[in-house]
Every structure is written in structure tokens, then in C-alpha cells.
Amino acid sequence: MELERAVEDAVVDMLREAVTTIPPDVQDALRAAERAETSEVARTQLATVLLNMREAEERGIPLCQDTGVPVFFLTGRMFPGLEESIRRGLARATEEIPLRPNAVHPLTRRNPGNNLGEGSPRIVYRPTDDGFLDVTVMPKGAGSENMSALAMLTPAQGLRGVKEFVLETVARAGGRPCPPTIVGVGIGGTADQAAELAKESLLRPLDVPNDDEQLDALEGELAEALNCLGVGPMGLGGRTTVLGVRCAMAYCHTASLPVAVNLQCWAARRASRRIFADGRTERRQ
Amino acid sequence: MNLRTPLSERTVRSLRLGEEVAIDGRVHIGRDEMHIRALEMREQGKEMPFDMNGGALYHCGPIARKSGGVWEIIAAGPTTSARMNSLEPLFIREFGVRAIIGKGGMSGPTLEAMQECGCVYLAFTGGAAVLAARSIKKVERVEWLDLGMPEALWIVEARGLGPLVVAMDAHGNSLYDEVSAGVEDNLARLKGKLGR
């Protein structure tokens, strides 16, 4: 019971942190972007972003009205009642913070008002033998999520095909995903796995390099090319189209080359907690 | 420059691409479902619970809270306007809207309706929800709350809603079209330069 309560409280607490503050690595990237812009329109967009971010943090209110649909990543020790605890926490957070009630039935569009529904929120489970549970939440807004794309390339299209697909996806998205964005790229696996890799790769902070040397180089090359597209902040033109690119991969079928792109708006919100077996909770970066 | 609603056709036609403005006065907040219901009701000849002639329509689904019987807007940044691409040309012609506030821009048919009727698109910074909420001084009323909080029609009083950039003018020009032409050229050039 104590553990269930700890998870519920942690969910409320971490959602509050996530929707009212921007992680330090993203803040730094936004400030650097503002300094790099030369056009007045682009600078105004980023100055407005930074001012809004400060106001939200000072006043403890959601920095964007689209508080998204939260995606939960659970790694560690699982226990019965875990999912119910998360759902209770989310319903409470929706009321208390408040979050915008975003979850609706996909066909009737009925809105239950508490962000809960069949399959919502999405929870990714990664059980391990550790004595604790790590919970990370990513509130994902629809502006950027709606620009997600999946391509089942042929092996012959290769790395070049992957790069072209990422460039095309970001170019076509224009101002709709609230650029400057962070671009998550999932390479390989099955179709659903590629999409999951793309989303999960967005959790890695912008100042942490990729463990895989080849992917790290690809991230750098893609970021440089994407920032030559000229989409700019909010699609109004400028030098900063992306704050960074994150790549992740998995082995795939010899006949396949799936690539998924998941875009994250500048409001790259995330928060993490470690919950121990006795209910003790620790904030994690 | 601050513009006060209702806006005249002359004012709107005088605005230039890239100009920075802010909005004072009554603003109608609505998005997907609001457009659909309003257009359905108009088709059925029903009376509208609003008058948007000369008005500003803000594409936004706010977070609002009712305390002591009064609605308060907590966060209210712009939503992606492109979702309303198929609905907006008719909406502009039917309801006489003079300014659309949103993010990301809209497509050709909307630009044509804007030129024809005298209407502009004002780009607001996506995610600027706290700044927007601060400039909304009062909720006059809310209609169609059965559509859910984000999809309802909120009629509010604003002071200094902005900074807004004139991104589509009333003469058939769009900053997004200019940017997107450049992006297409850059995309072709960058693809040619890609390493293996």
C-alpha cells in the first residue's frame, strides 16, 4: 500500500515538474539558439520562448497549454497495482496542477476529462532485478507528435535513405511541430520497435553523446544538415530548425530497413523519480 | 503596434508581412470541433451564439479553471492552425473574421479567402501559453463546453495578446510560402551533398 501511494505521489510530483519547467540541457540549447539567430523574426520567437519559460517556472504553471499525453517509462522492480497507482496519480495531477484533459476516444472524440482511457496513459515496462523502480515521464504534445513518420526502406536505400527520410520529414513538417525541435530517429527493429526507439531516444539529454560512435556521428551530421534547411523557429525562417538529433537502433530483418522519426517540440519536457521498496523517493535528472 | 477588435477591413489590409502587432479587445478562442459545429449550425440555418464580424479568432485549446463560479485561463498558447485548413476558408467567408491567430500557418485556399474578404494570419509563438494567459484579462463566456475544455468556444477579453507576426497578409502573401520555397531548394541541395 505504501509503495502504491509513493508511486501515485511521485507521478503527481514529476508531472508538475515536467510541465512547469524545461530541463537545463534544453534551456542551454534554446539560449544558444537565440544568440545564433540573425533575423529579427527568429530572435523574437526564441526570446518569447525563453520569457514564457521563465514566467512558467516562477509562477509554477504549465508552460504550454498542451500538457500532452504523458508517456511513462518504467525500469526496475515491478509490483502488482503499479498501473493503477500511475492512473490514480495522473487523474490527481490533471485536477491539481492542472493538466489539460487531452485523452479522448479516437472515434467518438468523447473526453472523459481525467486523461484516462483504454490504453491511456501509455506505459512502457522494462522489468529488471534491481531493488528500485525508475519512473520517467514525457508529456508529449500533439503538434510535434502529429508530425511523426515511419518508412520501411529497402536495405539498398541504406544509410543514405535514412538521412534523406529524416531531412524530408523535418522539411515537410515546417512550423507545425513548434521548431526548434529535437528529432528522435529509430533505425531498424520491427515497424513498431523503430517507432518506440525514436520516441525513447528523445529522453537522452542534449549534452549526453550517443554511446554508439557511428550513431553519434550520424546525429551530428543530421543536426548540421537540418539546420541548413531554413525552417527556423516556428517555421518563420532562421538558422535554428533543430536543437539536436537523437538516434537509436536495433537489429532488423535482413530484408528490412525500418526508420521512424518522432519529433519533440522545443518544450522538451521530462522528469524522473527513483522509488525504493520502502516507498522512499528520489528525484533524478 | 496594438490593434483593437473589432478590426476594420482598412486596418487589416494595411498590415504588412513580418510586421509585429498585439491584440486588444474581444478574442474568440476555438479550434477543430468549434469550426465543425459552427459550420454545421450555419448550414442548418441555426442562430449562432457569437458574432465574429471584424473579430479575432485564436486557434487555441486553453487550460481553464473555474473558481468561485468564475472561469480563469491558466495557459493558452496557440495550436497548429493547419488542422483547420479544410474548414477555415468557408469559416472566414461565413463569419467575417478579420484576424486569425495561430501557429504554423495555413494553406492556399485560406490565403485566398483572406485576400478576398480582408483577413490576416497572425503567428504567435508555439508554447507561449503563460504569456498568452497573462494577457487574457477576463473570460466573457464559454459556449459548447460539451465539446471538452480544449475544443469549446471561449470568448475572452485580451490586452496585449502577442507578440504576433503578420505571417499571411490580406493581399495573398505568406511568409510560410516564402520560407517553404527556400526549404525545398535547400532540401534538394542538401540531399545532393549527403555522405553515405
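One can find the structure itself at the top, above this paragraph.
All values derive from a computational prediction rather than experimental measurement.

All names here are of chain A. Within this model, the second largest pocket holds a volume of roughly 620 Å³. If you go around the second largest pocket, you meet 26 residues; those closest to its centre are Thr136, Glu200, Leu203, Arg204 and Pro205. Of the residues belonging to the lining of the second largest pocket, the class tally is 10 nonpolar, 6 polar and 10 charged.

If you look at the biggest cluster of nonpolar residues, it comprises 66 residues, and the most contacted ones within it are Leu30(A), Trp266(A), Phe50(B), Met52(B), Phe91(B), Phe95(B) and Tyr121(B). When residues of this core are assigned to their parent elements, the largest contribution, 6 residues, is made by helix H3 (residues 40–59) of chain A. Sequence-distant contacts of Phe50(B), that is, excluding residues within four places in its chain, are made with His28(B), Ala38(B), Phe91(B), Phe95(B), Arg141(B), Trp144(B), Leu153(B) and Ile155(B).

Bringing helix H4 (residues 82–96) of chain A into the picture now. Residue and element names in this part refer to chain A. The terminal C-alpha atoms of H4, which comprises 15 residues, lie 21 Å apart, in line with the 21 Å expected from a rise of 1.5 Å per residue. Listed in full, the buried residues belonging to H4 are Leu82, Ser85, Ile86, Arg87, Gly89, Leu90, Ala93 and Thr94. Of the surrounding secondary structure, the elements contacted by the buried residues of H4 are helix H1 (2–20), strand S1 (69–76), strand S2 (122–127) and strand S3 (132–140).

A word on the packing of aromatic side chains. When we look at a pair of aromatic rings, we describe it by the centre distance and by the angle of the planes. The final tally for this structure, using the stated rule, is 7 aromatic pairs over all chains. For the pair Phe50(B) and Phe95(B), a centre-to-centre distance of 5.2 Å together with 65° between the ring planes defines the contact as edge-to-face. Of the two residues, Phe50(B) sits in the loop between helix H2 (32–43) and strand S3 (56–58) while Phe95(B) sits in helix H3 (residues 88–95), which places them 45 residues apart along the sequence. For the pair Phe50(B) and Phe95(B), one class covers both residues: buried. A network of ring pairs unites the aromatic residues Phe50(B), Phe91(B), Phe95(B) and Trp144(B) as a single cluster. Here the guanidinium or amino end of Arg274(A) rests over the ring plane of Phe132(A), the centre of that ring lying 3.8 Å away. Taking the ring centre of Phe276(A) as reference, the NZ or CZ of Arg280(A) above it sits at 4.1 Å.

With that settled, consider the pairing of strand S9 (residues 281–284) of chain A. All names here are of chain A. Judged from the 4 bridges that link them, strand S8 (residues 271–276) and S9 form a sheet pairing that is antiparallel. Paired with Arg274 across the bridge in S9 is Glu282. Here S8 folds back onto S9 in antiparallel fashion, the turn holding 4 residues, of which Gly279 has a positive phi close to 95°.

Bringing the interface of chain A and chain B into the picture now. Contact with chain A, which involves 50 residues of that partner, is made by 48 residues of chain B. Of the roughly 3,900 Å² buried at the junction of chain A and chain B (both faces included), carbon and sulfur atoms supply 63%. Seen at the junction of chain A and chain B, the total is 3 salt bridges. Put simply, chain A and chain B have 18 residue pairs in polar contact (both at pLDDT 80 or more) between them. Broken down by secondary-structure element, the contributors of at least two residues to the side of chain A that touches chain B are H3, H4, helix H6 (158–173) and helix H8 (213–226) of chain A. Take the side of chain A that touches chain B: its biggest share by element is 10 residues, from H3(A). The residue makeup of the side of chain A that touches chain B, split by class, is 23 nonpolar, 14 polar and 13 charged.

All names here are of chain A. With respect to topology, 5 strands assemble into an open sheet ordered S2-S1-S3-S8-S9, the strand pairing being mixed. The two strands at the open ends of the sheet, each matched to only one other strand, are S2 and S9. Strand-to-strand twist in this sheet, taken as the mean axis angle between neighbours without regard to direction, amounts to 20°. Against the sheet, H1 contacts S1, S3, S8 and S9, and its axis sits at roughly 165° relative to S8. Where helix H7 (residues 191–201) meets the sheet, it contacts S1, S2 and S3, and its direction lies at approximately 90° from that of S2.

Let us now look at the state of the cysteines. All names here are of chain A. For the structure on display, the rule yields 0 disulfides over all chains. For Cys178, which is in no disulfide, the shortest distance to another cysteine sulfur is to Cys265 and amounts to 5.9 Å. On the accessibility criterion, Cys178 (7% relative accessible area) is buried. Of the cysteine sulfurs around Cys228, a residue in no disulfide, the closest is that of Cys247, at 17 Å.

Residue and element names in this part refer to chain A. Tallied over the full model, the rule gives 2 cavities of 30 Å³ or more. Lining the largest cavity are Asp25, Met138, Ile182, Leu202, Leu203, Arg204, Pro205, Leu206, Gln264, Ala268, Arg269 and Arg270. Partitioning the lining of the largest cavity into residue classes produces 7 nonpolar, 1 polar and 4 charged. By volume, the second largest cavity amounts to about 50 Å³. In terms of lining, the second largest cavity is formed by Leu3, Arg77, Phe79, Gly131, Phe132, Leu133, Ile275, Phe276 and Ala277.

Conventions used here
- Residues numbered from 1 in each chain as written.
- Chains lettered and ligands numbered in written order.
- Predicted model: local features only at pLDDT ≥ 70, side-chain atom pairs only at ≥ 80, totals over all residues.
- Heavy atoms only, no water.
- 1 Å grid on protein atoms, 1.4 Å probe; cavity = no way out; pocket = protein on both sides within 12 Å on 5 of 7 lines; lining within 4 Å.
- Points joined across faces, edges and corners; volume = space filled by probe spheres on them.
- Nonpolar A, V, L, I, M, F, W, Y, C, P; charged D, E, K, R; others polar.
- Core = buried A, V, L, I, M, F, W, Y, C linked by side-chain atoms within 4.5 Å.
- Buried < 20%, exposed > 50% of the residue type's maximum accessible area, 1.4 Å probe, protein only.
- Helix = DSSP H or I, 4+ residues; strand = E, 2+ residues; numbered from the N terminus.
- Contact = heavy atoms within 4.5 Å.
- Expected span 1.5 Å × (residues − 1).
- Phe/Tyr/Trp six-rings, centres within 6.5 Å; stacked < 30°, edge-to-face > 60°.
- Lys NZ or Arg CZ within 6 Å of the ring centre and 35° of its normal.
- Pairing = 2+ DSSP bridges.
- Buried area = accessible area lost by both parts, 1.4 Å probe.
- Salt bridge = Lys/Arg side-chain N within 4 Å of Asp/Glu carboxyl O.
- Polar contact = N/O pair within 3.5 Å; in protein donor to acceptor, adjacent residues only side chain to side chain.
- Axes fitted to C-alpha atoms, helices over the stretch in contact; angles between N-to-C directions.
- Disulfide = S-S within 2.5 Å.

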